[in-house]
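As a plain string of letters, each chain reads:
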Amino acid sequence: MKKLYFIPFIFLLTIQCIVLSGQSFYFGPKGGLGLNIQQWNGFQRQPLIVPFGDIFIESYDEESPSSLFAQIGYHTRGSAIRVLNLVGGSFSNSFRFNNLVLAAGAKRVLNVNAPTRPYYLVGIRGEYTLSTNLHEYEQQMSTFYPFDFYVNKFNYGLTAGGGFEFDFQDLVGGFIEITVNPDVSFQYDQPPIPNVRNPFTGNLETLRERRIRNVSLEVTIGLRFLRKVEYY
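Worth saying up front: this structure is predicted, and the values here are computed from it rather than measured.

**Student:** Would you mind going over empty space enclosed by the protein in detail, with residue names and values included?
**Tutor:** Across all of its chains, the model carries two cavities of 30 Å³ or more by this definition. One number sums up the size of the largest cavity: a volume of about 250 Å³. Contributing to the lining of the largest cavity are 23 residues, with Lys-30, Phe-69, Gln-71, Leu-121 and Glu-177 lying nearest its centre. Those elements giving two or more residues to the lining of the largest cavity turn out to be strand 2 (48-59), strand 3 (66-84), strand 4 (90-109), strand 5 (116-132), strand 7 (172-182) and strand 12 (215-227). Taken together, the residues that form the lining of the largest cavity break down as eight nonpolar, six polar and nine charged.

This is how it looks when you write it as structure tokens:
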């Protein structure tokens, strides 16, 4: 848990460096779709595709292609099952972890003079799980589905990706971005549980350990508003 303390600190420090320095900066909303993956032993899971949203701030220096950024947003992590049988029936469920996400990092533009400018970024994330939907499965073979009790509320991970930014006018622009966001910590950490009755066979079994990480591929679009500070 102590490893998480540095992420809000870096997030706040980044904002302080950007805003309190008296320099120009970008800010704005961003959002898109995330393809979320989890590997659950005992469950053949499929990706969960859900929308997300953030607000961000980014430093700006006309003489440098590099900048710092920080952002905060709401992201749903998880996975899904979808089954369609030959007689037309279907079945689906999803494990959802609704997270407040803080991120901070560095960005570098590759061609500052181009109308459409490619860039790449790297950063770190801290996440707090606000809620889950695991309670929906408490009455459905509850010993075989995950329990809220073993959900880690605090998690951390990395962010890396790139995109293209462009200008609409002097102080307003946009961007398209793709990032991959693997967790380092476990979203779900359950030890082995003995003497669990299998609802299909009636036999007592030991549930295996479940230690589950999130991985998310996110496609983002956003608006960039420039607060430009000029000295005379």
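**Student:** Pulling in residues and values, what's your account of a nonpolar patch on the surface?
**Tutor:** Among the surface-exposed residues, Leu-33, Leu-35, Ile-37, Ile-49, Ile-178, Val-180, Val-215, Leu-217 and Val-219 lie close enough to one another that they form a single nonpolar patch of about 690 Å² accessible area. Within the residue set of the nonpolar patch, elements represented by two or more residues are strand 1 (25-37), strand 7 and strand 12. Here Leu-33 shows up in strand 1.

**Student:** Let's hear about helix 1 (residues 6-19): which residues, and what values?
**Tutor:** If you check helix 1, its first and last C-alpha atoms are 20 Å apart, about what 14 residues at 1.5 Å a residue would give, namely 20 Å. The set of residues buried in helix 1 consists of Ile-7, Phe-11, Thr-14 and Ile-18. Projection of helix 1 onto a plane perpendicular to its axis shows the buried side chains occupying an angular sector of 65°, all on one side. More than 90 degrees from the buried face of helix 1, the exposed residues found are Phe-9 and Leu-12.

**Student:** Residue-level account of the pattern of salt bridges, with values.
**Tutor:** With the rule as written, the count across this model stands at 13 salt bridges. When the shortest N-O distance is used, the salt bridge between Asp-183 and Arg-125 registers 2.9 Å. Residue Asp-183 is found in the loop between strand 7 and strand 8 (188-190), and its partner Arg-125 is found in strand 5; the two are separated by 58 residues along the sequence. The pair Asp-183 / Arg-125 is uniform in exposure class, with both members buried.

**Student:** Describe the environment of Leu-223, with residues and values.
**Tutor:** Position of Leu-223 relative to the elements: it lies in strand 12. Spatially, the C-alpha atoms of Leu-223 and Ile-55 are 9.8 Å apart, while their sequence positions differ by 168 residues. If sequence neighbours within four positions are ignored, Leu-223 has contacts with Phe-27, Gly-28, Pro-29, Phe-56, Phe-168, Gly-173, Gly-174 and Phe-175.

**Student:** Give a detailed account of the packing of aromatic side chains, specifying residues and quantitative values.
**Tutor:** Following the criterion strictly, the structure yields eleven aromatic pairs and no others. Ring geometry for Trp-40 against Tyr-188: centres 5.0 Å apart, planes inclined by 50°, an arrangement best described as tilted. Residue Trp-40 is located in the loop between strand 1 and strand 2, and its partner Tyr-188 is located in strand 8; the two are separated by 148 residues in the primary sequence. Among the residues examined, Trp-40 registers a relative accessible area of 3% and is labelled buried. Residue Tyr-188 is classed as buried on the basis of its relative accessible area, which comes to 0%. Centroid distance Tyr-150 to Tyr-188: 6.2 Å. Interplanar angle 70°. Geometry classified as edge-to-face. On the criterion of sequence distance, the pair formed by Tyr-150 in the loop between strand 5 and strand 6 (154-169) and Tyr-188 in strand 8 is long-range, its members being 38 residues apart. By way of ring pairs, the aromatic residues Trp-40, Phe-95, Phe-147, Phe-149, Tyr-150 and Tyr-188 are connected into one cluster. The ring of Phe-95 carries the charged tip of Arg-45 above its face, separated from the ring centre by 3.8 Å. Over the face of the ring belonging to Tyr-119 we find Lys-107, whose NZ or CZ atom lies 4.2 Å from the ring centre.

**Student:** Residues and numbers for the side chain of Asn-133, please.
**Tutor:** Here Asn-133 is to be found in the loop between strand 5 and strand 6. Discounting chain neighbours no more than four positions away, the residues touching Asn-133 are Ser-94, Phe-95 and Arg-96.

Each value, and the rule that gives it
- Residues numbered from 1 in each chain as written.
- Predicted model: local features only at pLDDT ≥ 70, side-chain atom pairs only at ≥ 80, totals over all residues.
- Heavy atoms only, no water.
- 1 Å grid on protein atoms, 1.4 Å probe; cavity = no way out; pocket = protein on both sides within 12 Å on 5 of 7 lines; lining within 4 Å.
- Points joined across faces, edges and corners; volume = space filled by probe spheres on them.
- Helix = DSSP H or I, 4+ residues; strand = E, 2+ residues; numbered from the N terminus.
- Nonpolar A, V, L, I, M, F, W, Y, C, P; charged D, E, K, R; others polar.
- Patch = residues over 30% accessible without salt bridge, like charges linked within 9 Å, V, L, I, M, F, W, Y side chains within 5 Å.
- Areas by Shrake-Rupley, 256 points an atom, 1.4 Å probe, with all protein chains shown as cover.
- Salt bridge = Lys/Arg side-chain N within 4 Å of Asp/Glu carboxyl O.
- Expected span 1.5 Å × (residues − 1).
- Buried < 20%, exposed > 50% of the residue type's maximum accessible area, 1.4 Å probe, protein only.
- Arc of directions from axis to C-beta.
- Contact = heavy atoms within 4.5 Å.
- Phe/Tyr/Trp six-rings, centres within 6.5 Å; stacked < 30°, edge-to-face > 60°.
- Lys NZ or Arg CZ within 6 Å of the ring centre and 35° of its normal.

This is a description of form; function is not addressed.
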